Number of protein chains: 2
Amino acid sequence: MAMMREGDAPDMTLASSVTIDDVRRAAERIAGHAVRTPVLTSARLDAMLGVRAFFKCENLQRVGAFKFRGALNAMSALDGDARTRGVLAYSSGNHAQAIALAASLLGVRAVIVMPEDAPRTKLDGTRAYLEISGRSAGEIVTYDPKTTLREELGGSIARERGLTIIPPYDHPDVIAGQGTAGLELLEEVGELDELYVCTGGGGLLSGCAIAAKAMSPRCLVVGVEPEAGDDATRSFASGRLCTVRNPGTICDGARTPYLGRYTFPLVVRYVDAMATVDDAEVVAAMRLAMEHLKIVVEPTGVLGLAGMVKSVREVGSRDGATRRVGVVVSGGNVDLDALAGLLGRG
Amino acid sequence: MAMMREGDAPDMTLASSVTIDDVRRAAERIAGHAVRTPVLTSARLDAMLGVRAFFKCENLQRVGAFKFRGALNAMSALDGDARTRGVLAYSSGNHAQAIALAASLLGVRAVIVMPEDAPRTKLDGTRAYLEISGRSAGEIVTYDPKTTLREELGGSIARERGLTIIPPYDHPDVIAGQGTAGLELLEEVGELDELYVCTGGGGLLSGCAIAAKAMSPRCLVVGVEPEAGDDATRSFASGRLCTVRNPGTICDGARTPYLGRYTFPLVVRYVDAMATVDDAEVVAAMRLAMEHLKIVVEPTGVLGLAGMVKSVREVGSRDGATRRVGVVVSGGNVDLDALAGLLGRG
């Protein structure tokens, strides 16, 4: 697949590469394996913010993040031959665990390429999911990130063994899978005035935006990024790909350096606005989610909530009416010691 | 109502004061107001413990605890006259917030009697729920716990104003309301081998036990208490009421000194076993719930999980079969700073 480069314009012919029908097909494929996650509400939070808010809790999804939807959909969509040969993914985060669990459930072999200095909990988690059905569904290949490029190592293993690479976000089946979170939310709560979605590579955002525009056409879809990693916000504003490498933010899931070949045009077509929040706003949103929704969230997971809170405080209520807002909470995979440290900051 | 005293035998004529029909009627009454809370599962936790576990998450109930079910059912069951006069409750914990929210939703006036040194968050929470509909549904009366007995103060206000006292657990309508948590769990997951329920005054335990025995007759129902506050365990074993005042445990919701006039006979009739866990086991269970279920739990909230983990480690698997176990997670109202401190202990 051709890589995007700084300054590239989005290829708008790819803006129709994922449609609401693809999202609906994905919903059928993942039914029974993925959890239909609960939509939580809080009367106190609503009263505090002056909105009626609906939280789609993907931290309560299997592997603790929405990533399972896309991984499962992409692997389910493989033809028989490709399934027999297996898949490869490189990730040190939630995508690795999602591929590992999907491999176990579907009986597809997976190779997961991870840096050897990845956090022990991520390595352990990925291994546990590969073995969860009682026999191993694949293997973890580690590499030294100082000497090896994961794309090169992963590419060569995939070519050698005939494996299909499942990328973490820039793939139509992955995007359609992530969109099922938005589809379920809108099916459950009906039309919304606004929908806030966290943004890393734009897979969840574009998938949910496709669902929202189909189910609730007047819904304003807002992508929310960490201020220090505002590549998608600047790309959206300028119409040219901007990149930010290794941004200094606690939102480790949103450190992706750029939108993708598919997600950039989809975001341009379906998303209405981009917003950024700083780390202090993210920590404040984590506290709100823990106190009022009683859920464990990772920093990236509450970008949408942080963006919503900021918008409500800046814009206030529109026409005096109570806005119906949706928020996708993307994940809850946070080390508890790190969490205790973040709470200490607040 | 006559108080129970140390050494009293349970009045077994009261063991039929709450039936499965009462629990079903309660379910109808609270539908639409109470949340049908999600049942969460974790494949990794199951693999780790060698069980198939279903967690009924009452921390995701309104006000963050199962207490809302009983309060709402008892207040909904009042006749027109009693509703017009209003209710009174004394509590410094989840019951106060439950009564306050139920009062707001039902348009019933409530007086909540709280110690003036109650944690600020509890006072603020109760006040917020009294005002959540936009107008005040009642008032908080504070007292100095060094000079005043809450029962006397509450009793005299109730007599003066003709208010109905809604006790936190020892009342048939409260017990039936709490039982709806167990009813929903069994409706959703089908028969269980075991059900673990945390135990303070025994309202949740007896209500859930009634539901479990009706829906899944062979299900073993286990009540779990903090080791330092093992009054119900000793009462259950001896057949005579034992009391423990102000036990030193982090499980503040289970510091109730004794089972009640109704709950003691109900526990004797419907519960199969009692178990205790120490604070370290509670903290370990909190970590498991946060890591694998991604939920915020208060110490009392995970007594059931802690008891289940202990039982699994002691007993192992029965006949090599995977046990289907239910666990009621009772609440999530924990101060985040206290939570960070508890995580630091683990």
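Residues numbered from 1 in each chain as written. Chains lettered and ligands numbered in written order. Predicted model: local features only at pLDDT ≥ 70, side-chain atom pairs only at ≥ 80, totals over all residues. Heavy atoms only, no water.

A. The relation of the copies chain B and chain A, seen in detail. For the match of chain B to chain A, the screw axis carries a shift of 0.0 Å, the RMSD comes to 0.0 Å, and the turn is 180 degrees. The two molecules are tied by a two-fold rotation axis, judged by turn and shift. In this assembly, 100% of the residues forming the interface of chain B have copies in chain A that are likewise at the interface, indicating an isologous arrangement. (Least-squares fit on C-alpha atoms with pLDDT ≥ 70 in both. Contact = heavy atoms within 4.5 Å.)

B. Region of interest: helix H13 (residues 303-315) of chain B. Given a rise of 1.5 Å per residue, 13 residues ought to cover 18 Å, and the 18 Å separating the end C-alpha atoms of H13(B) matches this to within 8%. Where H13(B) is concerned, the buried positions are B:Leu303, B:Gly304, B:Leu305, B:Ala306, B:Gly307, B:Met308, B:Val309, B:Ser311 and B:Val312. (Helix = DSSP H or I, 4+ residues; strand = E, 2+ residues; numbered from the N terminus. Expected span 1.5 Å × (residues − 1). Buried < 20%, exposed > 50% of the residue type's maximum accessible area, 1.4 Å probe, protein only.)

C. Representation of the pattern of salt bridges in the model. All names here are of chain A. Tallied over the entire structure, the rule returns 36 salt bridges over all chains. As a salt-bridge pair, Asp-22 and Arg-25 come within 2.9 Å of each other at their nearest N and O atoms. One end of the pair is Asp-22 and the other is Arg-25, both in helix H1 (residues 20-30) and 3 residues apart, which spans about a single turn. Its salt-bridge partner being Asp-124, residue Arg-120 comes within 4.0 Å of it at the nearest N-O pair. (Salt bridge = Lys/Arg side-chain N within 4 Å of Asp/Glu carboxyl O.)

D. Layout of the nonpolar core. Among the nonpolar cores identified, the biggest contains 168 residues, and A:Phe55, A:Leu305, A:Met308, B:Phe55, B:Leu305 and B:Met308 are the most heavily contacted of them. Beyond its immediate chain neighbours, meaning those up to four positions away, B:Leu305 contacts B:Phe55, B:Ala285, B:Leu288, B:Ala289 and B:Val327. The next biggest cluster of nonpolar side chains, apart from the first, holds 32 residues, and it includes A:Ala71, A:Ala74, A:Ala82 and A:Leu130. (Core = buried A, V, L, I, M, F, W, Y, C linked by side-chain atoms within 4.5 Å.)

E. Just the sheet that holds strand E2 (residues 51-57) of chain B, in detail. Residues and elements named next belong to chain B. Reading across from one edge, E1-E2-E10-E7-E8-E9 is the order of the 6 strands in this open sheet, with mixed pairing throughout. Of all strands in the sheet, those bounded by a partner on one side alone are strand E1 (39-40) and strand E9 (273-277). Note that strand E8 (residues 220-226) and E9 share 5 bridges and pair parallel. Counterpart to Glu-225 in the pairing with E9 is Thr-276. (Pairing = 2+ DSSP bridges.)

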